Amino acid sequence: MDPITLSRWQFGLTTVYHFLFVPLTLGLGWFVAYMQTRYYQTKDEIFHKMAKFWGKLFLINFAIGVVTGIVQEFQFGMNWSEYSRYVGDIFGAPLAIEALLAFFMESTFLGIWVFGEGKVPEKVHLAAIWLVAIGSNLSALWILLANGWMQHPVGYVINQVNGRAELVDFFALVGNPKGWLFFWHTIAAGMATASFLILGVSAYHLLRKQNVDLFKRSFQMAVLVGLIASVLVFLGGHTNGQYMYETQPMKFASIEAHWETSKPASFSILTIGDLSGKREVWSIRVPYILSFLACNNFTCEVRGVNDIQAEYAATYGPGDYIPLMVVTYWTFRFMMTIGIVMILLSAFFLWSLRKPIENAKWMKWVPWVIVLPYIANMSGWFLTEMGRQPWIVQGLLTVEKAVSPNLTTLDLLISLIGYVGVYGTLAGAMFYLMKKYAIAGPDATLNESVDVDVAPSDSVAQLVGSQD
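Residues numbered from 1 in each chain as written. Predicted model: local features only at pLDDT ≥ 70, side-chain atom pairs only at ≥ 80, totals over all residues. Heavy atoms only, no water.

1. A closer look at the overall build of the chain
In step 1: Within the chain, the regular secondary structure consists of 16 helices and six strands.
In step 2: Relative to its length of 468 residues, the chain is compact, with a C-alpha radius of gyration of 24 Å against a globular reference of 23 Å.
In step 3: Principal axes of the C-alpha set define a box for the chain whose edges measure 65 × 50 × 40 Å.
In step 4: Taking all 468 residues of the chain together, 50% fall into the buried category.
In step 5: Within the chain, residue pairs in contact and separated by at least 24 positions form 78% of the contacts whose partners lie at least 6 positions apart.
In step 6: Here the chain carries 30 positive and 32 negative side-chain charges, and the mean point of each set is 10 Å from the other. (Helix = DSSP H or I, 4+ residues; strand = E, 2+ residues; numbered from the N terminus. Rg over C-alpha atoms; globule rule 2.2 N^0.38 Å. Buried < 20%, exposed > 50% of the residue type's maximum accessible area, 1.4 Å probe, protein only. Contact = heavy atoms within 4.5 Å. Lys, Arg positive; Asp, Glu negative; His and termini not counted. Charge placed at Lys NZ, Arg CZ, Asp CG, Glu CD.)

As structure tokens, this is what we get:
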């Protein structure tokens, strides 16, 4: 295990832990804001209880998400100093805006929403939760614009004196289509994640005839949003794939295990390769479909992995520019299959609302749908990041040239084990708290459920424990 491999594992694992919490934060904030708005408009106590209950789950997810996200930026200096030196002039701008504008915005107004009820005017209290939702999504926008630049660099020049990439067109960075496609896809995925959480928790309580009116409203709301969001995720993924075909042809070809250039190109239903991962042994393919997915017509040419590898070797020098095919191929299929299942389930749930749903036999299986968007989100994240390997910045900087030069294997083993232990504990705590308070229902308060004293200096614990 060399420093490069360990650094990749460390950043990958900490990012995966962090991304467990991000989509739910992005989506659930909008639900809570809408429920709070309906309470402000109608003074219906059901909407008030809805906002408080789903707001508890939002707070737990947000608090632990913040803790896991802080470490990410430190790793740029600790593990990836050569990357930071090379792209700091570009990458630093969106990260600084995200921290100074979006993060402080959502954190500040979340405090007002949590602690301000009855102490600030109702309009201010209502505005606070909307600003939290907006701030969370603005935070995601700037992170995704930064990541979009890594996938498709724009608006830069290479300084020949110091060998660094330098930003010359900020508006090209902000308007990068790759970043906006990521944003569309991620925000829709966040709404779908929140919808399926609400569906699962609501089904649990409806089966037990607990707060039926509250959870029927929640279920109905989540069904509609879940169907729309799942369709938008699917369309966003298709659009992103077509842009990938233009800007990252190797990633596009590796998703399909498409080795040889063909016109028209067939779509792989199932491909089995040899142990090297470099040769197809057997496959089931549907003619013409890959051409349609790539460019909306059934006869366009799709370049194969072998041709692109030869081109990259001639352009960038000798090396293996093919991603780990088994990861790109199967994560895409997991993501796509689960996405289709989510659309079909949402449509079925919406159709089922014609009759009382709390007595339906299939409701006992609905709580399990909570896991579906998490599997899809993780699959999509792996595909996005593994698919551009060996590049850390597409066409400019490889991963092996981006790692900090003075790291030792021992340093990385110690920190990796430590991160896995801490992050695993946080993930377990999040699952425990979410399950506990979701099952407790809206009539239970967090303060009554917490068995330990909260120290005044423990800001995260205060945030979670003082919701009510």
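Don't stop here, the text continues.
2. So, helix H4 (residues 81-115)
In step 1: Across its 35 residues, H4 extends only 40 Å between first and last C-alpha, which sits more than 12% below the 51 Å expected from 1.5 Å per residue.
In step 2: Maximal helix bending in H4 amounts to about 85°, located at glycine 88. (Expected span 1.5 Å × (residues − 1). Bend = angle between axes of the 7 residues up to and from the residue.)

3. Some words on the domain arrangement of the chain
In step 1: Parsing the chain into structural domains produces domain 1 (3-247 + 330-436) and domain 2 (249-322).
In step 2: Distance between the C-alpha centres of domain 1 and domain 2: 30 Å.
In step 3: At the junction of the two partners, domain 1 supplies 21 residues and domain 2 supplies 22 residues.
In step 4: Contact with domain 2 buries surface across domain 1, with Met244, Tyr245 and Arg333 losing the most and accounting together for 36% of the total.
In step 5: On inspection of domain 1 and its partner domain 2, the count reaches one salt bridge. (Domains from an automatic or database assignment. Buried area = accessible area lost by both parts, 1.4 Å probe. Salt bridge = Lys/Arg side-chain N within 4 Å of Asp/Glu carboxyl O.)

4. Side note on helix H3 (residues 45-78)
In step 1: The end-to-end C-alpha separation of H3 is 50 Å, in line with the 50 Å expected for 34 residues at 1.5 Å each.
In step 2: Among the 34 residues in H3, 25 count as buried, and that is most of the element.
In step 3: Between the side-chain oxygen of the N-cap and the backbone nitrogen of isoleucine 46 there are 2.9 Å, and the N-cap of H3 in question is aspartate 44. (Polar contact = N/O pair within 3.5 Å; in protein donor to acceptor, adjacent residues only side chain to side chain.)

5. Examining the pattern of salt bridges
In step 1: Inspection of every chain in the model, using the stated rule, returns nine salt bridges.
In step 2: When the shortest N-O distance is used, the salt bridge between glutamate 122 and lysine 43 registers 2.5 Å. Taken together, the residues span a long stretch of sequence, with glutamate 122 in helix H5 (residues 122-151) and lysine 43 in the loop between helix H2 (22-42) and H3 at a distance of 79 residues.
In step 3: Across the salt bridge formed by arginine 303 and glutamate 311, the nearest N and O atoms sit 2.5 Å from each other.
In step 4: The exposure class assigned to arginine 303 is partly exposed, which follows from its relative accessible area of 30%.
In step 5: Salt bridges here are not isolated pairs; linked through shared partners, they connect Asp44, Asp213 and Arg217.

6. Observations regarding the environment of glutamate 82
In step 1: Topologically, glutamate 82 is positioned in helix H4.
In step 2: Sequence spacing of glutamate 82 and glycine 319 is 237 residues, and the spatial spacing of their C-alpha atoms is 20 Å.
In step 3: Once residues within four sequence positions are removed from consideration, glutamate 82 is found in contact with Lys401, Ala402, Val403 and Pro405.
In step 4: Within the structure, the side chain of glutamate 82 is placed 3.5 Å from the side chain of arginine 85, a separation counted as a polar contact.

7. Notes on the packing of helix H7 (residues 177-207) against helix H13 (residues 371-386)
Describing two packed helices takes the angle between their axes plus the distance from one axis to the other.
In step 1: Here H7 crosses H13 at 160°, and the two axes come no closer than 9 Å. The angle between the axes of H7 and H13 places the two elements in the roughly antiparallel class. Pair H7 / H13 crosses with left-handed handedness. Contacts from Phe182, Ala189, Ala192, Thr193 and Phe196 of H7 reach H13 at Leu372, Pro373, Tyr374, Asn377 and Thr384.
In step 2: The residue makeup of the contact of H7 with H13, split by class, is seven nonpolar, three polar and no charged. (Axes fitted to C-alpha atoms, helices over the stretch in contact; angles between N-to-C directions. Parallel < 35°, antiparallel > 145°, perpendicular 65-115°, else oblique. Left-handed = near helix turned anticlockwise from the far one by under 90°. Nonpolar A, V, L, I, M, F, W, Y, C, P; charged D, E, K, R; others polar.)

8. A short note on a nonpolar patch on the surface
In step 1: On the surface, Trp184, Leu224, Ile228, Val231, Leu232, Phe234, Leu235, Ile340, Leu344 and Leu350 cluster together into a nonpolar patch covering about 840 Å² of accessible area.
In step 2: Note that leucine 344 resides in helix H12 (residues 325-352). (Patch = residues over 30% accessible without salt bridge, like charges linked within 9 Å, V, L, I, M, F, W, Y side chains within 5 Å. Areas by Shrake-Rupley, 256 points an atom, 1.4 Å probe, with all protein chains shown as cover.)

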